[in-house]
Amino acid sequence: MTLAPWLLPVIPIVVGALQDDLIDHDRSGASIGLGAAITGVGLVLGVAYGALLPISRDEAGHTVFKGGLYAVAVWAGLLVSRTAFYKVGKNQGIETGFGFLAISFGAMLLARTLVVTVRSRKRLPAGSPA
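This write-up is about the structure you can find in this document. Just so it is clear, the structure is predicted and the values come from calculations on it, not from any experiment. (Residues numbered from 1 in each chain as written. Predicted model: local features only at pLDDT ≥ 70, side-chain atom pairs only at ≥ 80, totals over all residues. Heavy atoms only, no water.)

1. Here's the deal with the nonpolar core
Membership of the largest hydrophobic core is limited to nine residues, which are Tyr49, Leu53, Ile55, Ala71, Val74, Leu78, Met108, Leu109 and Val116. At the level of secondary structure, the elements contributing two or more residues to this core comprise helix 4 (68-91) and helix 5 (99-120). (Core = buried A, V, L, I, M, F, W, Y, C linked by side-chain atoms within 4.5 Å. Buried < 20%, exposed > 50% of the residue type's maximum accessible area, 1.4 Å probe, protein only. Helix = DSSP H or I, 4+ residues; strand = E, 2+ residues; numbered from the N terminus.)

2. What about a nonpolar patch on the surface?
A contiguous nonpolar surface patch, about 470 Å² in accessible area, is contributed by Leu3, Leu7, Val10, Val14 and Leu18. Here Leu7 is to be found in helix 1 (residues 4-7). Residue classification places Leu7 among the partly exposed positions, given a relative accessible area of 46%. (Patch = residues over 30% accessible without salt bridge, like charges linked within 9 Å, V, L, I, M, F, W, Y side chains within 5 Å. Areas by Shrake-Rupley, 256 points an atom, 1.4 Å probe, with all protein chains shown as cover. Salt bridge = Lys/Arg side-chain N within 4 Å of Asp/Glu carboxyl O.)

3. Some thoughts on the packing of aromatic side chains
Between two aromatic rings, the relevant description is the distance of the centres plus the angle of the planes. Per the counting criterion, the structure on display carries one aromatic pair. Between Trp75 and Phe105 the ring centres are 4.8 Å apart and the planes differ by 40°, which places this aromatic pair in the tilted class. Here Phe105 lies in helix 5 and Trp75 lies in helix 4, a separation of 30 residues in the sequence. Assessed through its relative accessible area of 32%, Trp75 is described here as partly exposed. (Phe/Tyr/Trp six-rings, centres within 6.5 Å; stacked < 30°, edge-to-face > 60°.)

Encoded structure:
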């Protein structure tokens, strides 16, 4: 098992968590709530993404998947939901920055990787569809 697919989602999560403007300290509770909500949306989209992806195994036995239009729909959903949460926060006087978008992106990738890993553990024969 290679570690790279599990490390890739960690990068945007760490980058997002290190942002100075992650939490609006004047309205920290509401800011954290909005951040948790957009992270939750990222997790849900990642689970759906991982469940819908067609997966197979190559001749060497490695899991192979291609996002195609699923990827476009998931990315669009994440950006639209982030924009909606940003506007809700702005209307309530809550400043939100890039941090929670990066964290939700990492959460989506982590959820997708987990679901694809679970699905691929069905011991697909080489070259067979999921």
